[in-house]
Amino acid sequence: ARLRNEWTARTLISLAPRYETSSGECSVYSCLNQFTQSELLTGSNKWVCDNCTKNRKKREDNEEDNKKPVYTNASKQFLIFFPPMVLTLHLKRFQQTLVGCRKLNKHVVFPLVLDLAPFCSSTSL
């Protein structure tokens, strides 16, 4: 269990420091930064914890409660584990609003050479 916890902790650390975005910035770096941002899963987005469910089954005798999974707060983060030689990005061009969708016409700045280190897991290959 300790080894798995250490591995999980290392996978959530990027190879390089997180990219610092400036206010109003619209670049490939700011898009990747937003996409790889850590997110807290709470409320209706809670995670089903298999270990918590197994532990509850061991502790309690109530059959009805043992059938229900245990939900817990969790954090989620996407990082690149195996960076490709050629990267294809699909940028979202629409924004969800209360009345539907709105097309985004903002120019996205991108470099000719993209440094993916801030978006790669420290355990990446």
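**What about the overall build of the protein chain?**
Piece 1. Per the secondary structure count, the protein chain includes four helices and six strands.
Piece 2. Helices (α) and strands (β) of the protein chain occur, in sequence order from the N terminus, as α-α-β-β-α-α-β-β-β-β.
Piece 3. Considering only contacts in the protein chain between residues 6 or more positions apart, those separated by 24 or more positions represent 72%.
Piece 4. Put simply, the protein chain shows about 10,200 Å² of open surface, and 57% of that area lies on carbon and sulfur atoms.

**A short note on the nonpolar core**
Piece 1. Judged by nonpolar contacts, Cys26, Val28, Tyr29, Leu32, Ile80, Val108, Leu116, Phe119 and Cys120 together constitute the single largest core of nine residues.
Piece 2. Sequence-distant contacts of Leu32, that is, excluding residues within four places in its chain, are made with Leu89, Leu114, Leu116 and Phe119.

**A look at the confidence of the model for the protein chain**
Detailed reading of predicted coordinates is not advised where the pLDDT is low.
Piece 1. Overall, the predicted model of the protein chain reaches an average pLDDT of 83, with 84% of residues at or above 70.
Piece 2. Per-element confidence in the protein chain ranges from a low mean pLDDT of 61 for helix H4 (residues 63–66) to a high of 91 for helix H2 (residues 28–35).

**So, the pattern of salt bridges**
Piece 1. Evaluated as defined, the whole model comprises one salt bridge.
Piece 2. The salt bridge involving Lys76 is made with Glu39; its shortest N-O contact spans 3.6 Å. Separated by 37 residues along the polypeptide, Lys76 in strand E4 (residues 74–76) and Glu39 in strand E1 (residues 39–41) bring together distant segments of the chain.

**Points about a nonpolar patch on the surface**
Piece 1. There is a patch of nonpolar side chains on the surface, built from Leu87, Leu89 and Leu91 and spanning about 210 Å² of accessible area.
Piece 2. Mapped onto the secondary structure, Leu91 falls in the loop between E4 and strand E5 (94–97).

The rules we used
Residues numbered from 1 in each chain as written. Predicted model: local features only at pLDDT ≥ 70, side-chain atom pairs only at ≥ 80, totals over all residues. Heavy atoms only, no water. Helix = DSSP H or I, 4+ residues; strand = E, 2+ residues; numbered from the N terminus. Contact = heavy atoms within 4.5 Å. Areas by Shrake-Rupley, 256 points an atom, 1.4 Å probe, with all protein chains shown as cover. Core = buried A, V, L, I, M, F, W, Y, C linked by side-chain atoms within 4.5 Å. Buried < 20%, exposed > 50% of the residue type's maximum accessible area, 1.4 Å probe, protein only. pLDDT = per-residue confidence, 0-100. Salt bridge = Lys/Arg side-chain N within 4 Å of Asp/Glu carboxyl O. Patch = residues over 30% accessible without salt bridge, like charges linked within 9 Å, V, L, I, M, F, W, Y side chains within 5 Å.

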